[in-house]
Amino acid sequence: MRDDKEGPFSHSLTNLHRGHAAATRGLSRRAMLRNVGATGLSLAVSPALADELVKLPFASGPRERPVTHAFPQKGDMILQRVRPPLLETPMEVFDRGVFTPNEQFYVRWHWAEIPNSVDVNTFRLAVRGHVDRTLSLSIPDMIGDLPRVELAAVNQCSGNSRGLFAPRVPGAQWGHGAMGNAKWTGVRLKDVLDRAGIKAGAVQVRFRGLDEPVVPEAPTFRKSLAIDHARDGEVMIAYAMNGEQLPLLNGFPLRLIVPGWYSTYWVKMLSDIEVLDKVDDNYWMAVAYTIPDTPHASIAPGQTGVKMVPINRMVPRSFFTNIADGASFAAGTRVPVRGIAFGGDAGVAKVEVSSDGGKSWQPTRLGDDFGKYGFRQWQTDLALADKGDHALMVRCTNSSGEVQPDTPNWNTSGFMLNVIETVQVKAV
Amino acid sequence: MLKRLFVIGGFGSVLLSSTPARVQDLPTIKSTTVELPAGDALFPGGASADAINNNCLACHSPDMVLNQPPLPKATWEAEVHKMINTYKAPINEADVPAIVSYLMKTKGKD
């Protein structure tokens, strides 16, 4: 538990604001202290977290966000929320290469009780439930006793690009930067489960981390995978990210890696693995992170009575990384364009661009392939012959033949946006 | 071309890839302690923000709310009740109208 702010506040515990005392019933001590701070003491309204602003391309405000470097083990990040941290990767980071540096890898937590300290000597990962042997694995056990595997994979928030939904929906108002690609090193989940021995009748495997709800009776963040998925030999437990230990805010010391699936399953600070003999009905599986069981998880605004299912595999996406909306070029010259793409739960088969608003498409050259679950760079050049406005578009087709749609999908949670991206440029 | 998953060393190293294993030196994993920014800002607006400041800061900093787009009243009411019913926010029902009114004034939409 974080205790960095307890010192200055603890003396005013007895000074709880009238009426406020009732409101803090049931809150943990830290939350209470925070509330005391909020109303009982005069604190600066906006801590000096940043001095630069970025503008996200949303249809309505607020569009501006601070760029912050106030978070531990993190460089410049777009600040979406201070507590618990929601930090977005600036788009230009994706122009520098297919691996997203750890210090600019996006950050996303649900509950604010995040341990600010992890001791590798005492940390243990529990494996329990419908198993033959309960395990308590240390970090040295994980590194020394199990085969080491390595995999490049994109981690993308279910709600990446939510700010672009039309009509807009509540939730973290991300631009496109709630995603990143890293080389993950660790062990196969299957090898860990085999050590414990899965009993007949196992249905799902449930995961949780060290983070906890601020209110004890609120739902702890837990996610589950079907037993066959958990044992597919690809799902892994990572202890390193791009060759380094994970930044604390990205899940130090261990993180579940679920290649091709949305990040909601990639449980951070993984501390508990529970084999279940029935389907998990906890809030974070049964209610939150569910999508309409329709093509592209899409419904019409206001549509009800739709069957909902837990969000699952990712879909293809592609982005321009060297050109932003409003850029201008000399008419008649060739404009180098490049970006990144990923196939979702399959590799990138091709990336194409259009300079006539999607009427015709031309191929691009793909960069090195680091495995089907990672980012792939693409590049080509475009001639903008006529002066005036041009809509440049990019689309990815994955190796299963799935292509990005040309109309945006919509759902109430703002999940799975993967419409073809367009940037508006000018030839002058 | 690399296979999607390959073992690069360690106990019982099974090679899943035809590519020679790159035995990478793994950095020692070190205990870590960090300090996170407090996130203790308040909602602006003085007295008109009292209800939201008293009820909506326990679990997340105000930017969670302030960065939302303009939303209709029914959506804001649903959000406040989601906080109470799902996330167990200890909020007095009597404070709900003042909270919704603040949200409509600052982030409302027809």
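The rules behind each value
Residues numbered from 1 in each chain as written. Chains lettered and ligands numbered in written order. Predicted model: local features only at pLDDT ≥ 70, side-chain atom pairs only at ≥ 80, totals over all residues. Heavy atoms only, no water. Pairing = 2+ DSSP bridges. Helix = DSSP H or I, 4+ residues; strand = E, 2+ residues; numbered from the N terminus. Axes fitted to C-alpha atoms, helices over the stretch in contact; angles between N-to-C directions. Contact = heavy atoms within 4.5 Å. 1 Å grid on protein atoms, 1.4 Å probe; cavity = no way out; pocket = protein on both sides within 12 Å on 5 of 7 lines; lining within 4 Å. Points joined across faces, edges and corners; volume = space filled by probe spheres on them. Nonpolar A, V, L, I, M, F, W, Y, C, P; charged D, E, K, R; others polar. Buried < 20%, exposed > 50% of the residue type's maximum accessible area, 1.4 Å probe, protein only.

(A) The sheet that holds strand 15 (residues 270-276) of chain A, seen in detail. Residue and element names in this part refer to chain A. Across the sheet, which stays open at both edges, the five strands sit in the order 8-7-15-11-12 with mixed pairing between neighbours. Each edge of the open sheet carries a strand with a single partner, namely strand 8 (135-137) and strand 12 (222-226). Adjacent strand axes in the sheet meet at a mean angle of 20° when their direction is disregarded. In the packing of helix 5 (residues 189-196) onto the sheet, the strands contacted are strand 7 (125-129), strand 8, strand 11 (204-209) and strand 15, and the crossing angle to strand 8 comes to about 135°.

(B) A look at the layout of surface pockets. Residue and element names in this part refer to chain A. The computed volume of the second largest pocket comes to approximately 860 Å³. Along the wall of the second largest pocket there are 33 residues; nearest its centre are Pro57, Met91, His176, Ala324 and Asp325. Residue assignment for the lining of the second largest pocket shows that the elements contributing at least two residues are strand 1 (50-55), strand 18 (317-320) and strand 26 (421-427). Broken down by class, the residue content of the lining of the second largest pocket amounts to 18 nonpolar, six polar and nine charged.

(C) Layout of the sheet that holds strand 23 (residues 365-366) of chain A. Taken in spatial order, the four strands line up as 18-20-24-23 (chain A) in an open sheet, and their pairing is antiparallel. The sheet terminates laterally at strand 18 and strand 23 of chain A, the two strands that pair on one side only.

(D) Just the pairing of strand 13 (residues 236-241) of chain A, in detail. Residues and elements named next belong to chain A. Of all six residues making up strand 13, six are buried, and the element is well covered by its neighbours. With five bridges joining them, strand 10 (residues 179-188) and strand 13 adopt antiparallel strand pairing. Paired with Thr185 across the two strands is Ala240, which belongs to strand 13. Here strand 13 pairs with strand 14 (residues 255-257) via three bridges, running antiparallel. Paired with Ile237 across the bridge in strand 14 is Leu256.

(E) Quick peek at unusual backbone geometry. Residue and element names in this part refer to chain A. Residues Gly61 and Pro62 are joined by a peptide bond in cis, for which omega reads -5°. One non-glycine residue, Met269, lies in positive phi territory at about 45°. Take Met269: it is sitting in the loop between strand 14 and strand 15. Its relative accessible area of 0% is what places Met269 among the buried residues. Backbone geometry places Tyr289, a non-glycine residue, at a positive phi of 55°.

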